[in-house]
Amino acid sequence: MKWTNPKVIISIIILCIGVALATGYGVMRTQNEAVASVNGENITKNQLYEEMVKSSGQEVLNNLISANVIKLEMQKQNIVISEEEIQNELNQFYEYYGGEEAFAETLTAAGFTIEDIKGDIVTNLGVKKLMEPQIAITEEEMKSYFNENKATLAEEGQEANYEKSKDEIKKILLQQKSETEYAGWMEALQQQYAVVNYLSK
């Protein structure tokens, strides 16, 4: 999955929205309209759009396709993300960026709002709720992880305790397996929803 790290989420949103807006803007306005000139020779909106598609168009389109497929599957399975869940995720962003104000300044500098992030949080949590019921974590796997990571699981001044660590271990293993299985899961969903990617042809 690509939406678990706060810094990664912001990068994806900026990339996706930026190119999507450029695409729409390029269609609405005259394609030959100049965006710059060099020694009197114009660089047109169409040239800009084509270069953006070449450099990052496929990645952006893949992200947009995935987001739409996830939305459809969430609707199909009646999965709803609560405001409380969204706020809990936002609190992690605030901590990562040094507070709510610092995070807001980061978004403002990029030209986006908190609503952009909330939309991505809904997608991220939707993936988690869709995938995790399909992932099995065995007791053997949990004990193996515990034995290999006692140092990081131990509380300060105490030895690691398996029973106390079980919930944390399960979350870690679910995350790892979700990331490993995401590509195959998404491919199956795209087939189910008859996705056609014209840029890949």
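Reading the values: rules and limits
- Residues numbered from 1 in each chain as written.
- Predicted model: local features only at pLDDT ≥ 70, side-chain atom pairs only at ≥ 80, totals over all residues.
- Heavy atoms only, no water.
- Pairing = 2+ DSSP bridges.
- Helix = DSSP H or I, 4+ residues; strand = E, 2+ residues; numbered from the N terminus.
- Buried < 20%, exposed > 50% of the residue type's maximum accessible area, 1.4 Å probe, protein only.
- Contact = heavy atoms within 4.5 Å.
- Phe/Tyr/Trp six-rings, centres within 6.5 Å; stacked < 30°, edge-to-face > 60°.

1. Considering the pairing of strand β2 (residues 41-44)
No. 1: Both strand β1 (residues 34-38) and β2 contribute to a ladder of four bridges, which runs antiparallel. Paired with Ala34 across the strands is Thr44, a residue of β2.

2. Side note on the side chain of Ser66
No. 1: Among the structural elements, Ser66 can be located in helix α2 (residues 45-76).
No. 2: With relative accessibility at 8%, the residue Ser66 sits in the buried group.
No. 3: The contact partners of Ser66, leaving out residues within four places of it in the chain, are Tyr182, Met186 and Gln190.

3. Thoughts on unusual backbone geometry
No. 1: Here the phi dihedral of Asn39 falls at roughly 55 degrees; this positive angle occurs in a residue that is not glycine.
No. 2: Positionally, Asn39 belongs in the loop between β1 and β2.
No. 3: With phi around 55 degrees, Asn78 is a residue other than glycine that occupies positive phi space.
No. 4: Structurally, Asn78 can be placed in the loop between α2 and α3 (83-97).
No. 5: Look at Asn78 and you get exposed, because its relative accessible area is 67%.

4. Points about the packing of aromatic side chains
No. 1: Under the counting rule described, the total for this entry stands at six aromatic pairs.
No. 2: Relative to Phe103, the ring of Tyr97 lies with its centre 5.4 Å away and its plane at 45 degrees, an arrangement referred to as tilted.
No. 3: The exposure class of Phe103 is buried, given its relative accessible area of 1%.
No. 4: Ring geometry for Tyr182 against Trp185: centres 5.9 Å apart, planes inclined by 45 degrees, an arrangement best described as tilted. Of this pair, Tyr182 and Trp185 both sit in helix α8 (residues 162-192), separated by three residues, roughly a single helical turn. The same class applies to Tyr182 as to Trp185, namely buried.

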